Amino acid sequence: IVGDYNRKYSLCGNMCDQHHYEIAILKEDDGRGGSNFFHHTLKSGDMVQIVGPKNHFRLDESADHYILIAGGIGITPIIAMADRLKELNKKYTIHYTGRSLSKMAFVERLKRDHNVNLALYLKDEDLRMKLDQITDSLQVGQQIYACGPDSLLNELDELSTSWLEGTLHCEHFNAVTSKLNPDNEHAFEVELMDSGITVNVNADETILDALLAVGIDVPYDCKEGICGTCEVDVFEGKIDHRDQVLTNTEKQKANRMMTCCSRASENKLKLTL
């Protein structure tokens, strides 16, 4: 947190270093302004406020083999996972795609520390990452961790429909949906089964905000549907899923939702709160 900017970044430094946090920030001229501020305005010695760290993209260290997939600056959480897997002597492969070597972060570090397990895909050399081929020999016990642009993650999500649940783990750069537009929303009720109360959710507010307003303690963090902190169990009702946490298979089960962004498709939801 610095000035008017509050951003979240992946830690990508040496996990054994207890005195420094290392992050990598992609300079985006057409972004929301944060990266430009950090690149052009923030100087060595300036004070910033940090919160955390928090882990919303947790590595399950019990798997037999790992496929790590990164697109662009999505390499930041992936390289930290690779470092950890190497330390644990686990089997893993890294598949990293970008526009060109000059635009891809940590290439030299990856070649130095993970070269045997590394595959690079460069768009300017017409080397395309073919996700169907990378995952076609997926075996029981393997897990996939991916971070990158929505096109990459959406393709993986489509492929994952035939995989065992819990195989695919993704982290998105940011939320797809923007702030609520009341003209396009409807009000609905949320019945809290454990608390015995019913909460009205207006067209211009989220379920999370409505719950907090009546004193229901629901944990939350990003408020963008990408971290999963505000997840609740759904007892009954049709859900309008808008998060980027649950897989398509998980959404079809209709038993969990993110209260910061997802809504009721109809007039009522029953939550186990």
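Please refer to the structure placed before this passage.
Calculation notes
- Residues numbered from 1 in each chain as written.
- Predicted model: local features only at pLDDT ≥ 70, side-chain atom pairs only at ≥ 80, totals over all residues.
- Heavy atoms only, no water.
- Helix = DSSP H or I, 4+ residues; strand = E, 2+ residues; numbered from the N terminus.
- Rg over C-alpha atoms; globule rule 2.2 N^0.38 Å.
- Contact = heavy atoms within 4.5 Å.
- Areas by Shrake-Rupley, 256 points an atom, 1.4 Å probe, with all protein chains shown as cover.
- Lys, Arg positive; Asp, Glu negative; His and termini not counted.
- Charge placed at Lys NZ, Arg CZ, Asp CG, Glu CD.
- Phe/Tyr/Trp six-rings, centres within 6.5 Å; stacked < 30°, edge-to-face > 60°.
- Buried < 20%, exposed > 50% of the residue type's maximum accessible area, 1.4 Å probe, protein only.
- Pairing = 2+ DSSP bridges.
- Axes fitted to C-alpha atoms, helices over the stretch in contact; angles between N-to-C directions.
- Arc of directions from axis to C-beta.
- Patch = residues over 30% accessible without salt bridge, like charges linked within 9 Å, V, L, I, M, F, W, Y side chains within 5 Å.
- Salt bridge = Lys/Arg side-chain N within 4 Å of Asp/Glu carboxyl O.

### Notes on the overall build of the chain
Phase 1 of the analysis: The helix and strand tally for the chain stands at 7 helices and 12 strands.
Phase 2 of the analysis: Its C-alpha radius of gyration of 20 Å places the chain within 12% of the 19 Å reference for a compact globule of 273 residues.
Phase 3 of the analysis: Principal-axis analysis of the C-alpha atoms gives the chain an extent of 60 × 50 × 35 Å.
Phase 4 of the analysis: Taking the intrachain contacts of the chain between residues at least 6 apart in sequence as the baseline, contacts between residues at least 24 apart amount to 61%.
Phase 5 of the analysis: About 15800 Å² of surface is accessible on the chain, with carbon and sulfur atoms providing 45% of the total.
Phase 6 of the analysis: Here the chain holds 29 positive side-chain charges and 43 negative ones, and the gap between their average locations is 3 Å.

### Digging into the packing of aromatic side chains
One pair of aromatic rings is described through two measures. These are the centre distance and the angle between the planes.
Phase 1 of the analysis: Enumeration over the complete set of coordinates arrives at 4 aromatic pairs.
Phase 2 of the analysis: Here the aromatic rings of Y9 and F38 are separated by 6.0 Å at their centres, their planes lie at 75°, and the arrangement is edge-to-face. Of this pair, Y9 sits in the segment before α1 (34-40) while F38 is found in helix α1, placing the two residues 29 residues apart along the sequence.
Phase 3 of the analysis: We classify F38 as buried; its relative accessible area is 16%.
Phase 4 of the analysis: Between F37 and F38, the aromatic rings sit 6.0 Å apart at their centres with planes inclined by 75°, giving edge-to-face as the arrangement.
Phase 5 of the analysis: Through pairs of rings, three or more aromatic residues link up here, namely Y9, F37 and F38.

### Things to note about the sheet that holds strand β6 (residues 188-192)
Phase 1 of the analysis: Strand order in the open sheet formed by 5 strands is β7-β6-β12-β8-β10, with mixed pairing between adjacent strands. Looking along the sheet, the strands with just one partner apiece sit at the ends: β7 (197-201) and β10 (256-258). The mean inter-strand angle of the sheet, taken between neighbouring strand axes irrespective of direction, is 40°.
Phase 2 of the analysis: Pairing analysis gives 5 bridges linking β6 to β7, with the strands arranged antiparallel. Note that in β7 the partner of L192 across the bridge is I197.

### Notes on helix α3 (residues 107-114)
Phase 1 of the analysis: When we look at burial in α3, the residues that qualify are V107, R109, L110 and H114. For α3, the angular spread of the buried residues around the axis is 160°, confining them to a single face. Residues of α3 that are exposed and point over 90 degrees away from its buried face: E108 and R112.

### Details of the sheet that holds strand β3 (residues 118-122)
Phase 1 of the analysis: Within the open sheet, the 5 strands sit side by side as β3-β2-β1-β4-β5. Their pairing is parallel. Two strands lie at the open edges of the sheet, namely β3 and β5 (168-172), each paired on one side alone. Geometrically, the sheet is characterised by an average inter-axis angle of 10° between neighbouring strands, direction not taken into account.
Phase 2 of the analysis: The pairing of strand β1 (residues 65-71) with strand β2 (residues 91-98) spans 7 bridges and is parallel. Considered in β2, the bridge of H65 is made with K91.

### Considering helix α5 (residues 150-159)
Phase 1 of the analysis: Of all the positions in α5, only L152, L153, L156 and D157 are classed as buried. The arc enclosing the buried residues of α5, seen along the axis, measures out at 135°, which places them on a common side. Opposite the buried face of α5, at more than 90 degrees from it, the exposed residues are S151 and E158.
Phase 2 of the analysis: Those residues of α5 hidden inside the fold are in contact with β1, β2, α4 (131-134), β4 (142-148), β5 and α7 (248-253).

### As for a nonpolar patch on the surface
Phase 1 of the analysis: Taken together, the side chains of Y9, L11, Y21, I23, V48 and I50 present a nonpolar region at the surface, about 560 Å² in accessible area.
Phase 2 of the analysis: Position of I50 among the secondary structure elements: in the loop between α1 and β1.
Phase 3 of the analysis: Note on I50: relative accessible area 57%, which makes it exposed.

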